[in-house]
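Spelled out from the first residue to the last, the chains are:
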Amino acid sequence: MTHPLLDVLLAGGRRADRLTHAAEIPARDGESAPWPRWADPALVAGYRSLGVDQPWRHQVEAAEAAWSGRHVALATSTGSGKSLAFWLPALTSVRADTAATVLDAGRIESTLGRGSVLYICPTKALAADQLAGVQRVVDASGARDLRVATCDGDTGFEERCWVQDHADAVLTNPDFLHFSLLPNHRRWARLLRSLRYVIVDEGHAYRGVFGAHVALVLRRLTRLAAHYAPAGSRPPTVVVASATTAEPATTAGRLAGVPAEEIAVVDDDASPAGARTFALWEPPVRPGWDAAPVEGDLDPDDGPRRSATAETADLLADLVVHGARSLAFTRSRRGAETVATVTREHLRQVDPSLATRVAAYRGGYLPEERRALEEALRGGELRALATTNALELGVDISGLDAVLIAGWPGTRMSVWQQAGRAGRAGADGLVAFVAREDPLDTYLVRHPETLLDAPLEATVFDPTNPYVLAPHLCAAAAELPVRTEDLPSFGRPADVRSVLDVLVARGALRRRTSGWYWTHAQGAAGLTDLRGTGGVPVRVVEAETGRVLGTVDAGSADGQVHDGAVYVHQGETYVVEHLDLDDHVALVQRRGVDHGTWSRDVTSILIADQQEHVPGGGPAEELPATTRRSWGPVDWGVGPVEVTSQVVGYQRRRLPDLQVLGTESLDLPERTLQTTAVWWSVPAEVLDAAGLDAARVPGALHAAEHASIGMLPLLATCDRWDLGGVSTDMHVDTGRATVFVYDAYPGGAGFAERGYDVGATWLRATRDAIAGCACADGCPACVQSPKCGSFNEPLDKAGAVALLDALLAHAPG
Ligand SMILES: [Zn+2]
Ligand SMILES: [Zn+2]
């Protein structure tokens, strides 16, 4: 039986044609298990008084494995109680005052003093949530001797000293480890010396370049813990807790730097769950659409179908009217703001008191603001939040009636994380995936099995990326000289060695017989941040009041908060007066405007191993050379490239009809990115076979580039925002018409390589997505891109299909 709220979405059948598929995910009965014998009786009593009569079986399995000293990968669903599984052994171990530690030889060593615990999660907000949860358990246990605290960039000096001297369990994030705790390890010697457990929560969040960084931070941590630990003691036990994911042991092992065979996997979820109805939803073709999209369109709101944002706002308003507590996940900050604003407008017409019970929630809000919103949703004052994936991570909000997912969030794992917020034991939930006009979304709602039945992805990251490894080797050397015996902990010794050699040659490190040394006065951690954004985030500040409205990543600041850009915050529009790149501040003024802004950029790309040297001074000697193959006349390559881009101007477009009101130019610097790209190039004979004359080639290549970027996430576990592209009818390095797709991170993230490996499958899916789209000349569901820096011009949909057909005629198989 489907969830009754599905009828609300269907509006008495009026919207029946929008439902492409509905699946029932059956309820799961819970299976509990007795409390472990070793568990601290006070903690057990504390959990009991909070309503946990008996733990679930998977909690006990994970806790037992961790208690016995095995590293653990715990991969179960949102709300399955992962916290209990690691806090029970960790806090029990702290309380066992004279901790007996089993040594490899089987001896029992006597007193090692009081053990300590380090808990790491991706954000400060999550650590604060986690602290509140643990503190409740500690208070309920009456175990007043347990000192649990968060410590991060916001912690004041005195508080930080107290944590260093007294805390038993410290909750923090990888950034704080990288910038503060590890560089100042002497102040943290007490904690490091007695470290028994390292808990890495939300492990699935560490993917791509961020995952590689965190993996190296953890290796630095392990090295320092070993340095301080009493001789003969065993290294801390690592527990990696994550969403349900493929290959949890491999991922946890790569993250923590331990062999996968040494990891106990617990992924059989024994917590109970309500039944869920999972609906796939395609917004309707807009009335009056005449199959002739606006030329040069660049907004997802302008295709033949209604936008996912507008559709989601309608559905969310109906859910709120029916009393359902709901979340709507959107792909972008702008999307979250728009859904919240439009939903409120709808509600104002029905019942003004309801309009105040919907809000937007996203990254870039200040922590206090986010706390208050979470509290209001939990308490019921708010009935709905429109949110970015900022809320996808472990924020403690679940058991909602309905979750709307407006647009593919990038991975199946994310879909299930978001869906997991709906329903709870004894109460069913509704999930609806609303397709955006995007080649991948359209493909998914029409092929439900690729969304609902396909296996989950493994979390992909590569700690051997030399761009990531190099700054961490510097940071490690600044912490303690790096010795030859340390090399295996950072990767394949020969690879690590060659990166060290480059660092020595560049004067970053000094080689001595005893090891590699950092001898500069300033710290080494400042050489990199962990988030792959490559720079200081830009603060958005209201000029008149000095109020900080939020932040924008360094990498997207040029395009989003340039002079004259329109910035939206909680439904209020602001116009950027001045972007100060030196101070990383965008000064804005509140102004009611009837337009939005879209930036224009120019981007070029060079194949690194064809250049005399890598401009910008990357470690050219250490870059892997380009790998190539040919399908007859079609050449493929994958390897290091340098991408140069510059935001050169923007358009003001009236809302909502997007009529161009004006075009302005901007004077912003060029940005360069050393990364990895996959590319294919074709000679004139293939273009001829496709029937393309010279005038049509650029549009055909550009359209094929856009659609292939849209489809790669189906195969590469990234999303299209992790990628960039360049197409040209004559590339200087290949001498031919070429399409490049690159990882939008320094050093690459593994996505382009995956595209190369599955090239034929990738381009066939791309060709089918374009050819299968009902539009005449291209729309956001096939060849238009919401992030195109040249306003989607030129694009030739039919030319792209002809070109891909001509190219695929040479593909093997
Ligand atoms: Zn189309
Ligand atoms: Zn483009």
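The structure we're discussing is the one just above.
Residues numbered from 1 in each chain as written. Chains lettered and ligands numbered in written order. Predicted model: local features only at pLDDT ≥ 70, side-chain atom pairs only at ≥ 80, totals over all residues. Heavy atoms only, no water.

Caption draft 1: Structural detail: the packing of aromatic side chains. In this structure the tally under the stated criterion is 13 aromatic pairs. Here the basic side chain of Arg-629 rests over the ring of Trp-636, its NZ or CZ set 4.8 Å away from the ring centre. One cation-aromatic arrangement involves Arg-629 over Tyr-756; the distance from NZ or CZ to the ring centre is 4.0 Å. (Phe/Tyr/Trp six-rings, centres within 6.5 Å; stacked < 30°, edge-to-face > 60°. Lys NZ or Arg CZ within 6 Å of the ring centre and 35° of its normal.)

Caption draft 2: Here's a closer look at the coordination of the zinc ion (ligand 1). Ligation of the zinc ion (ligand 1) by protein atoms is provided by Cys-773 (SG), Cys-775 (SG), Cys-779 (SG) and Cys-782 (SG), these donors lying 2.2 to 2.4 Å from the ion. Every donor counted, the 4 donor atoms about the zinc ion (ligand 1) form angles of 99 to 119 degrees at the centre, which fits tetrahedral coordination. Between the donor residues of the zinc ion (ligand 1), the gaps in sequence give the motif C-x1-C-x3-C-x2-C. (Donors = N, O, S within 2.8 Å, 3.2 Å for Na, K, Ca; no water. Tetrahedral: all angles 85-135°; square planar, octahedral: opposite > 155°, others 65-115°.)

Caption draft 3: How the structure looks around helix H3 (residues 57-67). Counting buried positions along H3 gives 8 out of 11 residues, so the element sits mostly inside the fold. Buried residues belonging to H3 abut strand S2 (71-75), helix H4 (82-95), strand S8 (195-200), strand S9 (237-242) and strand S10 (263-266). Just past H3, the residue Gly-69 takes up positive phi, approximately 95 degrees. (Buried < 20%, exposed > 50% of the residue type's maximum accessible area, 1.4 Å probe, protein only. Helix = DSSP H or I, 4+ residues; strand = E, 2+ residues; numbered from the N terminus. Contact = heavy atoms within 4.5 Å.)

Caption draft 4: Main features of the coordination of the zinc ion (ligand 2). Taken together, His-702 (NE2), His-706 (NE2) and Cys-788 (SG) make up the full set of protein donors to the zinc ion (ligand 2), lying 2.0 to 2.3 Å away. Mapped onto the sequence, the donors of the zinc ion (ligand 2) take the spacing H-x3-H-x81-C. Within this pair, whereas His-706 is found in helix H23 (residues 697-711), its partner Cys-788 is found in the loop between helix H26 (759-771) and helix H27 (797-808), the two being separated by 82 residues in sequence. Comparing His-706 with Cys-788, the two get one shared label, buried.

Caption draft 5: Molecular detail of the sheet that holds strand S16 (residues 429-434). Taken in spatial order, the 7 strands of this open sheet run S1-S11-S16-S15-S12-S14-S13, and their pairing is mixed. Among the strands making up the open sheet, the edge pair consists of strand S1 (19-25) and strand S13 (358-361). Here the average twist between neighbouring strands, direction ignored, is 15 degrees. Both strand S12 (residues 326-329) and strand S15 (residues 402-406) contribute to a ladder of 4 bridges, which runs parallel. For Leu-327, the partnering residue across the bridge sits in S15 and is Val-403. Here helix H12 (residues 333-350) sits on the sheet in contact with S12, S13 and strand S14 (384-387), set at roughly 175 degrees to S13. (Pairing = 2+ DSSP bridges. Axes fitted to C-alpha atoms, helices over the stretch in contact; angles between N-to-C directions.)

Caption draft 6: Main features of the environment of Pro-669. Looking at where Pro-669 falls in the secondary structure, it is placed in the loop between strand S27 (660-665) and strand S28 (671-682). Note: C-alpha distance between Pro-669 and Ile-405 (264 residues apart in sequence) is 37 Å. Excluding anything up to four places from it in sequence, Pro-669 contacts Asp-558, Leu-581, Ser-645 and Gln-646.

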